[in-house]
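Breakdown of the fold
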Amino acid sequence: MWHEQRGEEEKRRGRFFINDNVDILREILKRLDGPSLGVAACVCRLWCSLTRSDDSLWEHLCFRHVSSPPPASVRAVVVALGGYKRLYMVCVRPVLSRLGHSERVRKRVWTRHEVQLSLSLFCIDSYERLASGRLAGADASASSLMFLCNTVNV
Amino acid sequence: MDELLAVVGYKVRSSDMAEVAEKLERLEEAMGNVEEGISELSNEAVHYNPADISNWLESMLWNIEKDSACSDYDLKAIPGKAIYAPENPNPNPNPKRLKPSTESQSTRAVVVVDSQQNGIRLVHTLMACAEALEINNLPVAEALVKQIGFLAVSQVGAMRKVATYFAEALARRIYRVFPLHHALSDSLQIHFYETCPYLKFAHFTANQAILEAFHGKTRVHVVDFGINQGMQWPALMQALALRPGGPPAFRLTGIGPPAADNSDHLQEVGWKLAQFADTIHVHFEYRGFVATSLADLDASMLQLREDESVAVNSVFEFHRLLARPAAVDKVLSVVRHIRPEILTVVEQEANHNGPGFLDRFTESLHYYSTLFDSLEGSPVNPQDKAMSEVYLGKQICNVVACEGTERVERHETLNQWRNRFASAGFSPVHLGSNAFKQASTLLALFAGGDGYRVDENNGCLMLGWHTRPLIATSAWQLAANSGWDGVFEMDYWNTVNDNAAVLLHKCVWKLGV
């Protein structure tokens, strides 16, 4: 409420407000790394809905540092199996962290083997969810990828 | 007098503490050896001053040791050093001193049981029990198996678990109580798949070989000798979907044993895979075959089609055929008739099929100790780890306790399989660097798995823990000339329609003329 009023005031004064320019906002969000994208989702409702609904943001995140861009057919498969956001959360992020690479490092280049492996693991995850009839909610990681999760000390 | 013990009612001089501890240890050991009820001991001994624990122990020990001197279970009677190391004049060679956290004035010597020594005794006892079983000396074996139980609980971690499973297997062999088929075996395998890399390694390396063999083909057919939950195939279908030019038409024949609860397990797996294939737009066909043994199959049952390229896949299935002679030859002959582009085989890298029991026992003890060690480091939750251990424990039971056709876990080494496949008319296909790199990356993902190693061995890939290889993936194709020296194969499968001339022609060709 308060910030909408402020936005209108700004407009009247002719100043730039990012939430009015969603296409520019998208371009900026596309270039963020994983943790920053997560933080961005907490800023306001618009940013939150953008990060949740726009899977291409996550696509950029997943394959930004691949040495050669993945073939176009990858998108159809990834989208069919649950989308890039899920690919990132369930496979890419844990794989990167296990391989010892900080998510904030921008210069790290993925080899195609790492990409292939992530996609294979993502497949297995999707197959397991299909097999269990989509129990336990869309965000719960299926058990095959449990080895990627860090155990919590109770 | 020692103050802490005085509080609980015992009078022990501080200077006698080490001696009392030693006597307690001896008493505990002696009580473990006694076969009859311990209540008899307590009746015979007469005590006047129970608070004087030092003298009480002395009299208990005297009573027990006088009884056991003429026991049938005097293990000193066993020749050799298997049970007892040469007499050590100092009964406690390594007393360990622990500084108690509360007391700071006088150091108290506390003797603890040396678990390392017990570990060595545990291994010796296991070996001695196996030796006794090899010569069919059941009374001694029985006594030793009980010892193993006591010694195993003094260990921790992998050693304790392995010893417990082997003790159970030995007991089953002695008492002839053979394990029933586990109702939960599917679930156990799923947990094994999830907690450690062995099955994933097998699937990924075999898939890479199959993918490369299917290069450029438009209709492909995979025959899976052990479909289980079908976990191997989603990744292959995805890789086929992503190849340039689009996916081929994919057909899968899944073979499996009859389900314990008579459910149509194979059809369920097929249905799940069909759903998956549908989501990634791969044309998919499936057929399931229930067979108690792979040797029951014939090539004609598979309804092979003219224009399709076939791959045959076997993950931990071939070794089961060794229980019946000629079963392996029959299956390999069926595979030859299928004329596959590639045959992928994953097997345990160990010789658990030797004729002598003791050798088998020793080999499997080393093998499963290494496997359990590798599991120990993995940080998965304890229930899942326990399920994987039960899965391996079943294999241990089968190797040690069963014989004849019941013993299906007849693992053989890669070189032994190489000889078999070569003499059956197959030549090796080298697994390329793609498979190697994928496998290495996969292993790097397993936390606590610094010990895993991928090695290349003449075109085959082996996964091992530190220096010990544990499983091996190999790939095969039909040799260029499928004749082999002087061996004459009767054409069993096409006898009905072949006329004699054609049959004779085939025989002559196969002789390599």
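In the annotation of an unreviewed UniProt entry, the entry for chain B reads DELLA protein, and the organism field reads Flemingia macrophylla. Entered under Subunit (unreviewed entry) in the UniProt record, the comment concerning chain B runs "May be a homodimer." In its Function (unreviewed entry) section, the UniProt record describing chain B reads: "Transcriptional regulator that acts as a repressor of the gibberellin (GA) signaling pathway. Probably acts by participating in large multiprotein complexes that repress transcription of GA-inducible genes."

In the nomenclature of an unreviewed UniProt entry, chain A corresponds to F-box domain-containing protein from the organism Flemingia macrophylla.

In this section: the overall build of chain A. The helix and strand tally for chain A stands at eight helices and zero strands. When the elements of chain A are put in sequence order from the N terminus, they spell out α-α-α-α-α-α-α-α. The 154 residues of chain A split such that 40% are buried. Partitioning the intrachain contacts of chain A with sequence separation of at least 6 by distance along the chain shows that 63% fall at a separation of at least 24. By element, 55% of the accessible surface of chain A is carried by carbon and sulfur atoms, the whole surface being about 8800 Å².

Turning to unusual backbone geometry, a few remarks are in order. Residues and elements named next belong to chain B. Residue alanine 326 is not a glycine yet carries a positive backbone phi of 75°. For alanine 326, the position within the fold is in the loop between strand 4 (309-315) and helix 12 (327-338). You can call alanine 326 exposed: its relative accessible area is 52%. Phi is positive for histidine 466, which is not a glycine, with a value near 50°. For histidine 466, the position within the fold is in the loop between strand 8 (460-465) and strand 9 (468-478). By relative accessible area, histidine 466 is classed as partly exposed at 45%.

Residues and elements named next belong to chain B. Of the strand pairs in this sheet, strand 7 (residues 452-457) and strand 8 are connected by six bridges, and their pairing is antiparallel. Counterpart to aspartate 455 in the pairing with strand 8 is methionine 462. In this structure, the hairpin formed by strand 7 and strand 8 is closed by a connection of two residues, where asparagine 458 is found at a positive phi of approximately 55°.

On to the packing of aromatic side chains. Within a pair of aromatic rings, the relevant descriptors are the distance that separates the centres and the angle that separates the planes. Residue and element names in this part refer to chain B. Under the criterion given, the structure shown has 20 aromatic pairs over all chains. With 5.5 Å between their ring centres and 80° between their planes, phenylalanine 166 and phenylalanine 361 make a pair best called edge-to-face. Of this pair, phenylalanine 166 sits in helix 7 (residues 157-175) while phenylalanine 361 sits in helix 13 (residues 357-376), and the two are 195 residues apart along the sequence. Exposure class is identical for phenylalanine 166 and phenylalanine 361. Each is buried. Taken together, the aromatic side chains of Phe192, Tyr198, Tyr391, Phe446, Tyr452 and Trp465 make up a single cluster linked through ring pairs. Its end group placed over the ring of phenylalanine 357, arginine 173 keeps NZ or CZ at 4.0 Å from the ring centre. The ring centre of tyrosine 193 lies 4.5 Å from the NZ or CZ of lysine 200, which sits over that ring.

Before going further, it helps to examine the packing of helix 7 (residues 84-98) of chain A against helix 8 (residues 112-131) of chain A. All names here are of chain A. At a minimum axis separation of 10 Å, helix 7 and helix 8 run at an interaxial angle of 135°. By the angle between their directions, the pair helix 7 and helix 8 is classed as oblique. Judged by the sense of rotation from one axis to the other, the crossing of helix 7 with helix 8 is right-handed. Two secondary-structure elements touch here, helix 7 through Arg86, Leu87, Val90, Cys91 and Val95 and helix 8 through Ser118, Leu119, Leu121, Phe122, Asp125 and Arg129.

The next subject is the packing of helix 13 of chain B against helix 14 (residues 382-401) of chain B. All names here are of chain B. Relative orientation of the contacting elements helix 13 and helix 14 amounts to 175°, with a least axis distance of 10 Å. In terms of their interaxial angle, helix 13 and helix 14 are classed as roughly antiparallel. Between helix 13 and helix 14, the contacting residues are Phe357, Arg360, Phe361, Ser364, Tyr368, Leu371, Phe372, Leu375 and Glu376 on the first element and Lys385, Ser388, Glu389, Leu392, Gln395, Ile396, Val399 and Val400 on the second.

Generally speaking, nonpolar side chains in soluble globular proteins are found buried as a group. Residues Leu87(A), Leu121(A), Leu170(B), Phe250(B) and Phe361(B) are the most contacted members of the largest nonpolar core, which totals 133 residues. A per-element tally of this core places helix 7 of chain B first, with ten residues. Counting only domains with at least three residues in this core, you end up with domain 1 (2-84 + 108-175) and domain 2 (185-349 + 411-508) of chain B. Core analysis: the second largest hydrophobic core is formed by 30 residues, Ala291(B), Ala299(B), Trp417(B) and Phe421(B) among them.

So, about the interface of chain B and chain A. Across the contact, 32 residues belong to chain B and 30 residues belong to chain A. Interface of chain B and chain A: buried area, both sides summed, is about 2900 Å²; carbon and sulfur atoms make up 71% of it. Considering only the surface of chain B that becomes buried against chain A, Glu194(B), Leu242(B) and Leu445(B) emerge as the three largest contributors, covering 23% of it. Across the contact surface, chain B and chain A share zero salt bridges. Our count for the contact surface shared by chain B and chain A stands at one residue pair in polar contact (both at pLDDT 80 or more). At the level of elements, helix 8 (185-195), helix 9 (198-213), helix 10 (233-241), helix 11 (265-279) and helix 16 (433-444) of chain B are the ones that each hand at least two residues to the side of chain B that touches chain A. Here the side of chain B that touches chain A is built from residues that sort into 18 nonpolar, nine polar and five charged.

Under the UniProt annotation, the feature "domain: F-box" (unreviewed entry) is placed at residues 22-60 of chain A. Taken end to end, residues 22-60 of chain A is 79% helix and 0% strand, and its first and last C-alpha atoms sit 17 Å apart.

Rules and cut-offs
- Residues numbered from 1 in each chain as written.
- Chains lettered and ligands numbered in written order.
- Predicted model: local features only at pLDDT ≥ 70, side-chain atom pairs only at ≥ 80, totals over all residues.
- Heavy atoms only, no water.
- UniProt positions renumbered as here; feature names shortened; annotations may be inferred.
- Helix = DSSP H or I, 4+ residues; strand = E, 2+ residues; numbered from the N terminus.
- Buried < 20%, exposed > 50% of the residue type's maximum accessible area, 1.4 Å probe, protein only.
- Contact = heavy atoms within 4.5 Å.
- Areas by Shrake-Rupley, 256 points an atom, 1.4 Å probe, with all protein chains shown as cover.
- Pairing = 2+ DSSP bridges.
- Phe/Tyr/Trp six-rings, centres within 6.5 Å; stacked < 30°, edge-to-face > 60°.
- Lys NZ or Arg CZ within 6 Å of the ring centre and 35° of its normal.
- Axes fitted to C-alpha atoms, helices over the stretch in contact; angles between N-to-C directions.
- Parallel < 35°, antiparallel > 145°, perpendicular 65-115°, else oblique.
- Left-handed = near helix turned anticlockwise from the far one by under 90°.
- Core = buried A, V, L, I, M, F, W, Y, C linked by side-chain atoms within 4.5 Å.
- Domains from an automatic or database assignment.
- Buried area = accessible area lost by both parts, 1.4 Å probe.
- Salt bridge = Lys/Arg side-chain N within 4 Å of Asp/Glu carboxyl O.
- Polar contact = N/O pair within 3.5 Å; in protein donor to acceptor, adjacent residues only side chain to side chain.
- Nonpolar A, V, L, I, M, F, W, Y, C, P; charged D, E, K, R; others polar.

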